[in-house]
Amino acid sequence: MKYIGFFVVLALTIALGVAVSTPFGAIPPLAPLLDPNHGFWQNSISEDELAQDELRLDNLSSEVQVIYDENLIPHIFANNEADLYRAQGYITAKHRLWQMEFQTMAAAGRISEIVGPLALDLDRMTRRKGLAYGAEKGIKFAQETDPETYALLEAYADGVNQYINQLEDAQLPIEYKILNYRPEPWSAFKSILLLKYMTDMLVGDRDLEYSNLRKILGDVMLDKLYPEYPIGVEPIIEAGHKWDFKPLEVTRPDSINYPDDQLVIDPLPQPADGTGSNNWAVSGSKTKNGNPILANDPHLSLNLPSLWYSMQLTTPNHSVKGATLPGALGVISGFNENIAWGVTNATRDTRDWYKITFQDKSRKAYRYGEKWEQTTFRIEEIKVKGEPTFKDTVVYTHYGPVVYDETFNSNRQDVNFALKWNVHEGSNEQKTFLKLNTGRDHEDYNAALDNYTAPAQNFVFASKSGDIAMRIQGKFPLKWKGQGKFFMDGADPRMEWQGYIPNEHNASTLNPERGFVSSANQHPTDSTYPYYVFDNSYEFYRNRRLNNKLSEMSNITVEDMQGLQFDDYYLHASEALPIMLELIGSDFENDAEAKKYISILKQWDFYADPNQNAPTLFYIWWRELYSQIWKELSENLAPVVLPNYYQTVLFMKNEPSGEVFDLKKTSEIETVATHVKLGFYGLLEAMKKWESEEGDFSWANYKRTKIQHIVPQFNSFSEENFYTGGGAGILNATSGRSGASWRMVVELGPEIKAFGIYPGGQSGNPGSKFYGNFIPIWANGEYLNFDLRTADQVEGMLFKTRLN
């Protein structure tokens, strides 16, 4: 009998051995992951425990020195740019390799290779949008027009690949081990692709939704609910700015026929909620020390590893410091010995859609005017982990790729929509940042921006010489008024873009009389700008709060600017809540809980600080009220976009009994008061549930700011429930899953003073103490000293590395 027990145990042992050594679909084999010499145990130590005095980096023309400070921020000193960027590639890969590769695989539509069929539709959509196609155009453009930048891209890739080639299994980032794959070689193409990925992250369009709204509402009501220039717009370029150029003429067709379908298809993913940014610069006339001060805080999804990686890059000719994008060369938002710059999203409509009429089912030709144009076919081979390769045929027209057709996101044979997007054209954004890194003055800043196409950005600038400036830069189509707002007929040549706005005609300002420049994703200009400008996602609260504060401030210090980046004033609530409280009347006088909440709201100072209860109450009440007001519009089967908060509050204030508040499907006539009261009932229900389950409804506990690993399923590598205030539409834009991904303040005096922070850490390794060590500093509105340093000034260094 004892032998029976032995053989049972033996069989179980063999089965377990097979199980842990064999992958099942997307599930990796467990044996390598649990191996004490090569598995996840090897990722449980920090970089300072692995210090080496010398590392081998080939192909350098002279010695490069890398010195890490106490926060693992590398300061790279090289004698020329090729060595500098080769070392940047090597060092960035050393700390962020998995992130670099994952982001470019996402941009290429290759996530299915890693996780299996659950990402197939995502990969198909990415490829149909043509990001890799655009990167191919970009790399060819760099090779043919700018061999110097291309050579630096190659040097960076060489540095990354030398690190990959030295990488042993035990040193692989933990994500490779969990997902059971290894890094592949880096390339100049991947660096270009990364910048296209950023374009896709920041660019949206609502042509589909606006086409549906036009059919549902008609032109008159559409213009009323969605005005292109609402009352009270505070543009980026100061109102009344004089345009010193003669604009190009744009011819509007005499009659325009739009496709009149109601489109029940899924729109492209839009930028994540909370995506935005603030930047500004104040002149020396408004500062205590008489020096310009520049500030920038891009608002993006809060992820780990952080989108940003801080570095100082130094050659004998320049020294630059700030936030880099792992995978791209140079510093993206930062400063050098002479200038500082930062970016915010310009939210300009640079994607348009065209309905394609094919000649027949072969799709080899499509109607264009009186003739048939030939298409081309791009076969996208998508490798799927655990399954056969999936082949997707994407049709390309002269407009761009046909994203929607009968094989993808539509069962209708007559729905064929092509995407025209400036990302599909050759461009060289990498050159912009390389030139900014070495720039010395406003002229250099403008020359750098001339190379920039997408995504459209508001570039703020300040210099030691005293200049401050703002330029809204991108490659913007020449459009007649209304063009690109709706789906267009691709068979009509009159629907074509009529060229591009010249760079020198892009809206900009230098040293305005008000003493500051600023942007927060609002309208770029007032209505006097001579070119048609449209987007549906302009911001209306952060920008007004920012401009009001900058206008009234004087003797400004760096600390003042840091405080403004962390400002929690809830302007939307200050404008909406008084109306809501007035309209609620006495309906809830006999409800003790209602009276408690109303009392809290009436005493509120409109600051969304973490310990306050009122922001939670307002947030829920507004959410319920807003959904009540636009209930019928949101119930359409066809996708639509709802009127923005700002316009909704204007209707509440100016037309409380107006037709916009009457629900057409009911027999009663609703006013805004109807919705306010129903919204308050919704608040009471939501709070009853929350207080019974959670208790504390302070703002920080309610919004629960989380900094999430790039792969949501790796939740144990995330950080959550930070005690911090702010929120969407607030200068401190920290909501539950988005906020300031990087904060920087720079004073450009004889001695530059700089401060920066981001919510993460320098290491991409969850087992490192440098993975999230910046987060508490960031959550408290504090900063690291970011001054430029010489090799001898890097205090508290962890270790020095000489790359020979």
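Residues numbered from 1 in each chain as written. Predicted model: local features only at pLDDT ≥ 70, side-chain atom pairs only at ≥ 80, totals over all residues. Heavy atoms only, no water.

**Student:** Mind laying out the overall build of the chain, listing which residues take part and the relevant values?
**Tutor:** A count of helices and strands for the chain gives 22 helices and 29 strands. Dimensions of the chain, computed from the C-alpha atoms along their principal axes, are close to 80 × 75 × 70 Å. Of all 804 residues assigned to the chain, the portion counted as buried reaches 60%. Residue pairs at least 24 apart in sequence account for 72% of intrachain contacts in the chain once pairs closer than 6 positions are excluded. (Helix = DSSP H or I, 4+ residues; strand = E, 2+ residues; numbered from the N terminus. Buried < 20%, exposed > 50% of the residue type's maximum accessible area, 1.4 Å probe, protein only. Contact = heavy atoms within 4.5 Å.)

**Student:** So, empty space enclosed by the protein: which residues are in play, and what are the values?
**Tutor:** Scanning the model with the defined rule gives seven cavities of 30 Å³ or more in all. Empty space within the largest cavity amounts to approximately 240 Å³. What lines the largest cavity is a set of 21 residues, among which Met198, Leu202, Ile332, Val343 and Gln457 lie closest to the centre. Listed by contribution, the elements that provide at least two residues to the lining of the largest cavity are α9 (188–202), β4 (276–282), β5 (293–301), β10 (339–345), α11 (429–438) and β18 (457–463). Considering every element that reaches the lining of the largest cavity, the biggest residue donor is α9, with four residues. A breakdown of the residues in the lining of the largest cavity according to their chemical character gives 14 nonpolar, six polar and one charged. Approximately 110 Å³ is the volume attributed to the second largest cavity. (1 Å grid on protein atoms, 1.4 Å probe; cavity = no way out; pocket = protein on both sides within 12 Å on 5 of 7 lines; lining within 4 Å. Points joined across faces, edges and corners; volume = space filled by probe spheres on them. Nonpolar A, V, L, I, M, F, W, Y, C, P; charged D, E, K, R; others polar.)

**Student:** Tell me about the packing of aromatic side chains, residues and numbers included.
**Tutor:** One pass over the structure, following the stated rule, counts 44 aromatic pairs. Seen in terms of ring centroids, Phe540 and Tyr646 are 4.6 Å apart; in terms of plane orientation they differ by 0°. Their pairing is stacked. Taken together, the residues span a long stretch of sequence, with Phe540 in the loop between β22 (516–519) and α13 (542–552) and Tyr646 in helix α19 (residues 645–654) at a distance of 106 residues. Exposure class is identical for Phe540 and Tyr646. Each is buried. In this structure, Arg351 packs its charged tip against the face of Trp421, placed 4.9 Å from the ring centre. Above the face of the Trp497 ring, Lys420 is positioned so that its terminal group lies 4.7 Å from the ring centre. (Phe/Tyr/Trp six-rings, centres within 6.5 Å; stacked < 30°, edge-to-face > 60°. Lys NZ or Arg CZ within 6 Å of the ring centre and 35° of its normal.)

**Student:** Can you lay out α9 for me, pointing to particular residues and giving the numbers?
**Tutor:** Taking 1.5 Å of rise per residue, 15 residues should cover 21 Å, and α9 covers 22 Å from first to last C-alpha, within 8% of that figure. The buried fraction of α9 is high, at twelve of 15 residues. When α9 is considered as a whole, its buried residues turn out to be Ala188, Lys190, Ser191, Ile192, Leu193, Leu194, Leu195, Lys196, Met198, Thr199, Asp200 and Leu202. (Expected span 1.5 Å × (residues − 1).)

**Student:** Run through the environment of Trp690, naming residues and quoting values.
**Tutor:** Position of Trp690 among the secondary structure elements: in helix α20 (residues 672–693). In this structure, the C-alpha to C-alpha distance between Trp690 and Tyr702, residues twelve residues apart in sequence, is 9.1 Å. For Trp690, the residues in contact, after removing those within four places along its chain, are Gly695, Asp696, Phe697, Asn701, Tyr702 and Arg704.

**Student:** Please provide a residue-by-residue account of the packing of helix α16 (residues 592–602) against α20, values included.
**Tutor:** Where α16 contacts α20, the axes come no closer than 11 Å and their chain directions differ by 100°. Accordingly, the angle class assigned to the pair α16 and α20 is roughly perpendicular. Across from Glu593, Ala594, Lys596, Tyr597 and Ile598 in α16, the residues of α20 making contact are Phe680, Leu684, Met687 and Glu691. Taken together, the residues that form the contact of α16 with α20 break down as six nonpolar, no polar and three charged. (Axes fitted to C-alpha atoms, helices over the stretch in contact; angles between N-to-C directions. Parallel < 35°, antiparallel > 145°, perpendicular 65-115°, else oblique.)

**Student:** Tell me about unusual backbone geometry, and name the residues and values.
**Tutor:** Along the chain, Leu304 connects to Pro305 via a cis peptide bond; the corresponding omega equals -10°. Note that Pro305 resides in the loop between β6 (303–304) and β7 (309–315). A cis amide bond links Ala454 to the next residue, Pro455, at an omega of 0°. Assignment of secondary structure puts Pro455 in the loop between α12 (442–449) and β18. Here Thr347, not a glycine, exhibits a phi torsion of approximately 45°, which is positive. With respect to the helices and strands, Thr347 occurs in the loop between β10 and β11 (351–355).

**Student:** Describe in detail the environment of Pro74, supporting the description with residues and values.
**Tutor:** Note that Pro74 resides in strand β3 (residues 74–77). For the pair Pro74 and Gly138, spaced 64 residues apart in sequence, the C-alpha to C-alpha distance is 29 Å. Once you skip the residues sitting within four places of it in the chain, Pro74 turns out to touch Val66, Ile67, Tyr68, Ile91, Tyr309, Ser310, Met311, Gln312 and Gln762.

**Student:** So, the pattern of salt bridges: which residues are in play, and what are the values?
**Tutor:** Within this structure, the stated rule accounts for 43 salt bridges. We note a salt bridge from Arg86 to Asp158, for which the minimum N-O separation is 2.6 Å. Taken together, the residues Arg86 in helix α3 (residues 81–107) and Asp158 in helix α7 (residues 147–166) connect sequence positions 72 residues apart. One salt bridge connects Asp169 with Arg182, and the closest N-O pair in it is separated by 2.5 Å. Here the residue Asp169 occupies a position in the loop between α7 and α8 (174–179), and Arg182 occupies one in the loop between α8 and α9, the gap between them amounting to 13 residues. Judged by its relative accessible area of 41%, Asp169 falls in the partly exposed class. A single network of salt bridges, built from pairs that share partners, joins Glu101, Arg110, Glu113, Glu184 and Lys190. (Salt bridge = Lys/Arg side-chain N within 4 Å of Asp/Glu carboxyl O.)

**Student:** Let's hear about the nonpolar core: which residues, and what values?
**Tutor:** Formed by 218 residues in total, the largest nonpolar core has its most connected members in Phe618 and Trp621. The greatest single-element share of this core, amounting to 13 residues, is contributed by α3. What Phe618 contacts, discounting residues up to four positions off in sequence, is Tyr570, His572, Ala573, Ala576, Leu577, Met580, Leu601 and Trp604. One finds Leu208, Trp353, Val403 and Leu419 within the second-largest nonpolar core, a separate group that totals 17 residues. (Core = buried A, V, L, I, M, F, W, Y, C linked by side-chain atoms within 4.5 Å.)

**Student:** Help me get a handle on the sheet that holds strand β23 (residues 705–709), residues and values and all.
**Tutor:** If you trace the three strands from one edge of the open sheet to the other, you get β6-β23-β24, paired in mixed fashion. Among the strands making up the open sheet, the edge pair consists of β6 and β24 (719–722). Here β23 pairs with β24 via three bridges, running antiparallel. The partner of Lys706 across the bridge, within β24, is Glu720. (Pairing = 2+ DSSP bridges.)

**Student:** How would you summarise the side chain of Asn416 if you had to cite specific residues and measurements?
**Tutor:** As for its position among the elements, Asn416 is in the loop between β16 (402–404) and β17 (417–421). A relative accessible area of 6% places Asn416 in the buried class. Asn416 has contacts with Tyr354, Lys355, Ile356, Phe358, Val402, Tyr404, Asp405 and Glu406, leaving out every residue within four places of it along the chain.

Limitation: the analysis is restricted to geometry and does not speak to function.
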